Amino acid sequence: MRNLLIDQIREDGFAVIDDFLTPDEVQDLLKVGQNLHQEAPKEERKVFSANADGKSAQSREQYFLDSADKVRYFFEEGAVGENGELLVDPAIALNKVGHALHTENAAFEEVTFSNRVKEVCWQLGFRRPAVAQSMYIFKNPGVGGEVKSHQDATYLYTEPSTTIGFWIPLEDATLQNGCLHFIKGSHKSGVHRRWIRNPEKNADELLIYDRPAPLYPQSNFVAVPVKAGSCVLIHSQVVHRSDANKSDRSRHAYTFHVIETEDCEYSKENWLQPPADRPFPVLYERK
């Protein structure tokens, strides 16, 4: 597995592991995820836009910034009215829930800290990997929006580049419901821009991009449909996106990001910062 995984990630910037979770594990996590909306706030609903290039709502929200050790709820743009009222069924109103499901929810913690995840990190050469953040992404039919072309290193920057995303669909990810699309080999071209904490402390925008958005030809992307229970490993610099869900089926997924903490610096400019008394939890230490 080692050579195959490392070689494929080095070559393409991503790799797929089939049957990473058992069907029973998939159903158990899916059930937990489908019930997350019951804990969502009934007032002050926060909208998340994964397609905003400039002044997004989350760039002005302390609620978003302070989520490293908490579970936060973010609604789809088309699900909330001008006065904060829900326009759709609560069960399909959420865009995502994050960013500490891996420590604050037992079901997601069990998967994230499983021996399978540790084995993958070991095979990829991590010496002291830690989990920086986790999300449950809904991509519900009708309201599940597009995720623009991006690199994960834009948001979770380390020096040197070490971040790996684990993306686990809990339902089949298809062309119709918004599977991932990648530009193979794009991870070899560096970090194209970063989303950082605004150095101007009095500005309305708490987070800003340091450069304009790159333009990526749509013809360069390849679709990667995968079955529920698979795991897509994502290099921090590979360019990827997903389309809006145009089907009548949801595309729920659980995803988390692992970073190296040995001889590697996690940027103080990143939007996500762990509290001083709760550093990112470590998966293992290689002796």
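The name given to the protein chain in an unreviewed UniProt entry is Fe2OG dioxygenase domain-containing protein, and the organism recorded there is Anopheles stephensi. Listed under Cofactor (unreviewed entry) in UniProt, the entry text for the protein chain is "Fe cation".

Visitor: What is the right way to read unusual backbone geometry from this model?
Guide: Most peptide bonds are trans, and most residues other than glycine sit at a negative phi. For the bond from G98 to H99, the omega torsion is 15 degrees, close enough to zero to count as cis. Relative to the assigned elements, H99 resides in strand β4 (residues 94-99). A cis amide bond links E159 with the next residue in sequence, P160, at an omega value of 0 degrees. Mapped onto the elements, P160 comes out in the loop between β7 (158-159) and β8 (164-169). Positioned with a positive phi, K139 is a non-glycine residue whose angle comes to about 45 degrees. For K139, the position within the fold is in the loop between β5 (129-137) and β6 (147-150).

Visitor: What's the story with the pairing of strand β15 (residues 253-260) in this structure? I'm lost.
Guide: Side-chain positions along a regular strand alternate between the two faces of the sheet. Within β15, 8 of the 8 residues are buried, leaving the element largely enclosed by the surrounding structure. Both faces of β15 are covered, namely the face carrying A253, T255, H257 and I259 and the face carrying Y254, F256, V258 and E260. One ladder, built from 8 bridges, connects β5 with β15; its direction is antiparallel. By the bridge assignment for β15, M135 is matched with T255. Pairing analysis gives 6 bridges linking β8 to β15, with the strands arranged antiparallel. Looking at β15, one finds that I168 is bridged to Y254.

Visitor: Quick question: what am I supposed to make of the nonpolar core here?
Guide: Side chains of nonpolar character tend, in soluble globular proteins, to be buried together. Membership of the largest hydrophobic core comes to 58 residues, with the highest contact counts inside it found for L124, F166, L170, L233 and W271. Discounting chain neighbours no more than four positions away, the residues touching L170 are L21, V26, L29, L30, Y136, A228, H252, A253 and Y254. By size, the runner-up hydrophobic cluster in this structure holds 12 residues, among which are A173, C179, L180 and V226.

Visitor: Help me understand helix α2 (residues 23-34) in this model?
Guide: The α-helix advances 3.6 residues per turn, and as a result positions three or four apart in sequence lie on the same side. Taking 1.5 Å per residue as the helical rise, α2 with its 12 residues ought to reach 16 Å, and the 16 Å between its terminal C-alpha atoms agrees with that figure. Turning to α2, its buried residues are V26, L29, L30 and G33. One side of α2 holds all its buried residues, which, seen down the axis, span an arc of 105 degrees. Exposed positions of α2 whose direction lies more than 90 degrees from the buried face are D24, D28 and K31.

Visitor: So what exactly am I meant to see when it comes to the sheet that holds strand β3 (residues 71-75) here?
Guide: Each strand in a sheet pairs with its neighbour through backbone hydrogen bonds, running either in the same direction (parallel) or in the opposite one (antiparallel). Read across the open sheet, the 8 strands follow the order β1-β13-β8-β15-β5-β4-β3-β2; overall the sheet is mixed. For this open sheet the edge positions go to β1 (14-17) and β2 (46-47), each flanked by a neighbour on one side alone. By the bridge criterion, 2 bridges tie β2 to β3 in an arrangement that is parallel. By the bridge assignment for β3, K46 is matched with F74. Strands β1, β5, β8, β13 (231-235) and β15 of the sheet are contacted by helix α6 (residues 115-123), whose axis makes an angle of about 145 degrees with β8.

Visitor: I keep staring at the sheet that holds strand β14 (residues 240-242) and nothing clicks. Help me out?
Guide: The 4 strands are arranged β6-β14-β9-β12 in an open sheet whose pairing can be described as antiparallel. Edge positions in the sheet fall to β6 and β12 (222-224), since each of these pairs with one other strand and no more. Going from strand to strand, the sheet's axes swing by 25 degrees on average, the running direction of each strand aside. In this structure, β6 lies alongside β14, joined through 2 bridges in antiparallel fashion. Bridging across to β14, V147 finds its partner in S242.

Cut-off values and rules
- Residues numbered from 1 in each chain as written.
- Predicted model: local features only at pLDDT ≥ 70, side-chain atom pairs only at ≥ 80, totals over all residues.
- Heavy atoms only, no water.
- UniProt positions renumbered as here; feature names shortened; annotations may be inferred.
- Helix = DSSP H or I, 4+ residues; strand = E, 2+ residues; numbered from the N terminus.
- Buried < 20%, exposed > 50% of the residue type's maximum accessible area, 1.4 Å probe, protein only.
- Pairing = 2+ DSSP bridges.
- Core = buried A, V, L, I, M, F, W, Y, C linked by side-chain atoms within 4.5 Å.
- Contact = heavy atoms within 4.5 Å.
- Expected span 1.5 Å × (residues − 1).
- Arc of directions from axis to C-beta.
- Axes fitted to C-alpha atoms, helices over the stretch in contact; angles between N-to-C directions.

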